[in-house]
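# Geometric and topological summary
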Amino acid sequence: MKIGILALQGAFVEHEKVLAKLGVESVELRNLEDFQQYRSSLSGLILPGGESTTMGKLLRDQDMLLPIREAILSGLPVFGTCAGLILLAKEITSQEESHIATMDIVVERNAYGRQLGSFYTEADCKGVGKIPMTFIRGPIISSVGEDVEVLAIVNNQIVAAQEKNMLVTSFHPELTDDIRLHEYFINMCN
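The shown structure was predicted, so the numbers you read here are calculated from the model rather than taken from an experiment.

### Focus on the overall build of the protein chain
Scanning the protein chain for helices and strands turns up six helices and 12 strands. Compactness check: the protein chain gives a C-alpha radius of gyration of 15 Å against a globular reference of 16 Å for 190 residues, within 12% of the reference. Overall, the C-alpha framework of the protein chain stretches about 40 × 40 × 35 Å when taken along its three principal axes. Buried residues in the protein chain amount to 54% of all 190 residues. Taking contacts inside the protein chain between residues at least 6 apart in sequence as the whole, the part at least 24 apart equals 64%. By element, 45% of the accessible surface of the protein chain is carried by carbon and sulfur atoms, the whole surface being about 8400 Å².

Below, the structure is given as structure tokens:
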């Protein structure tokens, strides 16, 4: 099994470390050539946290947006954390343009405010159990389509969801020692 990790910007190295703990091979995808080289051997894709506007621009500049979108629509399992969630959302409340736009969710960027609004909690995640959740200027999912399953709610806000082959979290599971959410994603990739 090989998981591609979008490595344009953000917390991609932290995801690599979690996958290594699980004994799963990962590859950094920095440009279209990387994606094309590994596409046929990828079991899944991780879109890490970081700055969604920057990632969206780089995806467009590298001509990666449409190939990644097509791969996801063709069934490639994808796990988007924080900015990765925003990249997958069909609608972003504070801006006209969406990015990859494959998941039937509406998101609000930086819903938890500035860096100082970051926090840590533990909450139940359906199919995983009670897990640690680190929020850093995280988005919230303000609404979901009928085929989207809500997996976790914190303070009456949706913070994790799944639609078919797409898994998203507002928080950063890669910043804790708990590897169960990544295991959940790996099971989606099998």
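### Here's the deal with the UniProt feature "binding site: L-glutamine" (unreviewed entry) in the protein chain
Here the UniProt-annotated "binding site: L-glutamine" (unreviewed entry) positions come out as Gly50, Glu51, Ser52, Arg109, Ile136 and Arg137. These residues run over 88 residues, yet every pair of their C-alpha atoms falls within 13.0 Å of each other. Here Ser52 shows up in helix 3 (residues 52–61). What Ser52 contacts, discounting residues up to four positions off in sequence, is Ala83, Ile86, Leu87, His99 and Arg109. Looking at where Arg137 falls in the secondary structure, it is placed in the loop between strand 8 (129–135) and strand 9 (140–144).

What counts and how
- Residues numbered from 1 in each chain as written.
- Predicted model: local features only at pLDDT ≥ 70, side-chain atom pairs only at ≥ 80, totals over all residues.
- Heavy atoms only, no water.
- Helix = DSSP H or I, 4+ residues; strand = E, 2+ residues; numbered from the N terminus.
- Rg over C-alpha atoms; globule rule 2.2 N^0.38 Å.
- Buried < 20%, exposed > 50% of the residue type's maximum accessible area, 1.4 Å probe, protein only.
- Contact = heavy atoms within 4.5 Å.
- Areas by Shrake-Rupley, 256 points an atom, 1.4 Å probe, with all protein chains shown as cover.
- UniProt positions renumbered as here; feature names shortened; annotations may be inferred.

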